[in-house]
Amino acid sequence: MKKRVVLCILIIALLGFSAFIFSKKMFKADDNNALFVNKAKKRNEIINDYINSLDNFIEKIDFNKAVEVVSKENDRFNVSLFDYETGKNVDYKSLIKDLDGFYKKVKELLYLKYPKFIADVLINNENNVYYFKDNELVIYYYDYVIEPSPREELLLHVNYNEIKDYLNIDVKLDENYMNEDGSIIDNNKKIIAITFDDGPGSYTSSLIDILNNNKVKATFFMLGKNIANYRDVVKKASDSKMEIAYHSYAHKSFKRQKIEEIISELQESDNILKSITGEGFKYIRPPYGAINQEIKDNLNYPFILWSVDTMDWRYKDIDYLYNYTLENIKDGSIILFHDIHKTSVETIERLLPELYVEGYQVVTISQMASVFNQKLDNHQSYRYFAR
Ligand code: NI
């Protein structure tokens, strides 16, 4: 008798369990949002009335306890959340259970996507619209004041995989997703390479900070004797994924040196560099750009010259250098600066945000060569790249 009761309960439990699985599958099949909706309860009519009243309705998404209604007015998203049963407005924060964890993650992703001068403003911006979609949250930023002013719309796509632990809603996770990363090269944008000669020097470390803050990679043509004197800075450049190339040992013109002497200084400098970063020089730029066939034939590197010479060693004037650079660059330019002058570093600090809003991407020589499908051969010289 007792055994039968237990068996009955077991069968009922199993039936119930499979019915649960079945209904969940059925639900998933007819709702791509895959967000759990309590179908037993009726959505409040107030919500339907609100949707019908909208001129520019975009979509409606049902969460466990809330309904999100999205519309657009004057190019601005308008997202409203309603309590499913009562039809009362609820705050988007009700979909987030750990606000601190959530904001921390958003901050991290914001700085991954945008240069610091933009992320610093957005992280404190108040007028944001949170748009919860079926597999991501999109944050639209409005009414910010950023100088220089970005022309593109500023927004952040936050995949639910990144914030699932901080949300109150059942979310759809992606097997493969990629966060937006401002350092990923966009082949459709204009691309330039900024190069720094004669360092490293006393301003190079702060220059690397400026480059990093702007999500920019540059190429440094270093002097062998300076590498030995600024080992920490060389390591920092390498750790920041900057490219390191050779600009002679002590800035003597190659044309005034014997080939044997050039080669032995190059090898000595290359060994010092390898002892710091584990990697040798990528390219050579001879001092003063002075080069001849004998030099090219005897050194097993590509030679990288430049197409835009800022003459920053002569014009120590930020306004001049800033304007000269903006007026003379184009897609494929290789720009010459010197990181041993304070004015040059200050010019770069002002220039990089402007280049960003002008739609330029600043990359290393090898990144640019790769985007432009330009193979860099040893014994050949390059002044710029063309698509
Ligand atoms: Ni030089």
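Residues numbered from 1 in each chain as written. Predicted model: local features only at pLDDT ≥ 70, side-chain atom pairs only at ≥ 80, totals over all residues. Heavy atoms only, no water.

Thoughts on unusual backbone geometry
What you tend to see is this: most non-glycine residues have negative phi, and most peptide bonds are trans. Threshold: Starting at the N terminus, helices and strands are each numbered in turn, a helix being any DSSP run of H or I of at least four residues and a strand any DSSP run of E of at least two.
Glu147 connects to Pro148 through a cis peptide bond whose omega is -5°. Looking along the chain, the bond that leaves Gly199 and enters Pro200 is cis, with omega of -5°. Mapping Pro200 onto the fold places it in the loop between strand 7 (190-197) and helix 6 (204-213). Located in the positive-phi region is Tyr288, a residue other than glycine, with phi close to 60°. Checked against the element boundaries, Tyr288 lands in the loop between helix 9 (259-277) and helix 10 (293-298).

Quick notes on the coordination of the nickel ion
Defined as follows: Distances up to 2.8 Å from the metal define which N, O and S atoms are donors, and 3.2 Å serves for Na, K and Ca; water is absent from the atom set, so sites may look incomplete. A simple rule labels every residue: compare its accessible area, found with a 1.4 Å probe on the protein chains alone, to the largest value its type can have, and call it buried under 20%, exposed over 50%, or partly exposed in between.
For the nickel ion, the full set of protein donor atoms is Asp198 (OD), His247 (NE2) and His251 (NE2), and the range of their distances to it is 2.1 to 2.2 Å. Each donor residue of the nickel ion belongs to the same chain, with the gaps between them written as D-x48-H-x3-H. The pair His247 / His251 is uniform in exposure class, with both members buried.

Considering the packing of aromatic side chains
For clarity, the cut-off: Two rings from Phe, Tyr or Trp (for Trp, the six-membered ring) form a pair when their centres sit within 6.5 Å of each other. Planes less than 30 degrees apart are called stacked, planes more than 60 degrees apart edge-to-face, and all others tilted. Put simply, a charge is over a ring when the Lys NZ or the Arg CZ is close to the ring centre, within 6 Å, and near the line of the ring normal, within 35 degrees.
The final tally for this structure, using the stated rule, is 16 aromatic pairs. An aromatic cluster is built from Tyr92, Phe102, Tyr103 and Tyr130, whose rings are joined through pairwise contacts. Over the face of the ring belonging to Phe221 we find Arg285, whose NZ or CZ atom lies 4.0 Å from the ring centre. Over the aromatic face of Tyr322 sits the side chain of Arg350, whose NZ or CZ is 3.9 Å from the ring centroid.

Here we look at the packing of helix 8 (residues 231-239) against helix 9
Selection criterion: To get an axis, fit a line to the C-alpha atoms, keeping to the stretch in contact for a helix; angles then go from 0 to 180 degrees between the N-to-C directions. Orientation is classified from the angle alone, with under 35 degrees giving roughly parallel, over 145 giving roughly antiparallel, 65 to 115 giving roughly perpendicular, and any other angle giving oblique. The crossing is said to be left-handed when, going from far helix to near helix, the turn is anticlockwise and less than a right angle, and right-handed when the turn is clockwise. Note on contacts: a residue pair is in contact if any heavy atoms of the two residues lie within 4.5 Å.
For the pair helix 8 and helix 9, interaxial distance at closest approach is 9 Å and the crossing angle is 65°. With respect to helix 9, the element helix 8 is oriented roughly perpendicular. Note that helix 8 runs across helix 9; the crossing there is right-handed. Judged by residue contacts, Arg231, Val234, Lys235 and Ser238 of helix 8 engage Ile272, Leu273, Ser275, Ile276 and Thr277 from helix 9.

Points about the layout of surface pockets
Empty space left among the atoms is revealed by rolling a probe the size of a water molecule over them. Short version of the rule: Residues are said to line a cavity or pocket when one of their atoms sits within 4 Å of a point; the points come from a 1 Å grid over protein atoms alone, cavities being sets where a 1.4 Å probe fits but cannot get out and pockets being open sets with protein on both sides within 12 Å along at least five of seven lines. Grid points are joined across faces, edges and corners, and a volume is the space filled by probe spheres set on the points.
What the largest pocket holds in volume is close to 480 Å³. The wall of the largest pocket is formed by 25 residues, among which Asp181, Gly182, Ile184, Lys189 and Gln361 lie closest to the centre. Counting only elements with at least two residues in the lining of the largest pocket, the list comes to helix 12 (342-357) and strand 13 (360-363). The leading source of residues in the lining of the largest pocket is strand 13, at four residues.

Some remarks on the nonpolar core
Counted only if it meets this: As used here, the term nonpolar core means buried Ala, Val, Leu, Ile, Met, Phe, Trp, Tyr and Cys residues forming a set that is joined through side-chain atoms within 4.5 Å.
By size, the foremost hydrophobic cluster in this structure holds 44 residues, and its most contacted members are Ile194, Phe196, Leu211, Phe220, Ile348, Leu352 and Leu355. Here this core gets six residues from one element, more than from any other, and that element is helix 9. Setting aside anything within four residues of it in sequence, one finds Leu355 in contact with Ile192, Ile194, Leu326, Ile329, Tyr360 and Val362. If you look at the next biggest cluster of nonpolar residues, it comprises 30 residues, including Leu110, Ile118, Tyr130 and Ile163.

Comments concerning the pattern of salt bridges
What counts here: Between Lys or Arg on one side and Asp or Glu on the other, a salt bridge is scored when a side-chain nitrogen of the former is within 4 Å of a carboxyl oxygen of the latter.
Inspection of the entire model under this criterion finds 19 salt bridges. Between Glu108 and Lys105 there is a salt bridge, with its nearest N and O atoms 3.2 Å apart. Remark: Lys105 and Glu108 occur in helix 3 (residues 99-113); sequence separation between them is three residues, near one turn of the helix. The salt bridge involving Glu180 is made with Lys113; its shortest N-O contact spans 3.0 Å.

What about helix 2 (residues 45-53)?
Cut-off, in case you're wondering: The arc refers to the directions leading from the helix axis to the C-beta atoms. Pairs of N or O atoms are called polar contacts if they sit within 3.5 Å, as long as, within protein, a hydrogen donor faces a hydrogen acceptor (for residues adjacent in sequence, only side-chain-to-side-chain pairs).
Listed in full, the buried residues belonging to helix 2 are Ile47, Asn48 and Ile51. The buried side chains of helix 2 occupy one side of the element, clustering within an arc of 100° when seen end-on. Looking at helix 2, the residues exposed on the side facing more than 90 degrees away from the buried face are Asn52 and Ser53. Tucked inside the fold, the buried residues of helix 2 contact strand 1 (57-62), strand 2 (66-73) and strand 3 (76-83). Its side-chain oxygen 2.9 Å from the backbone nitrogen of Ile46, Asn44 forms the N-cap of helix 2.

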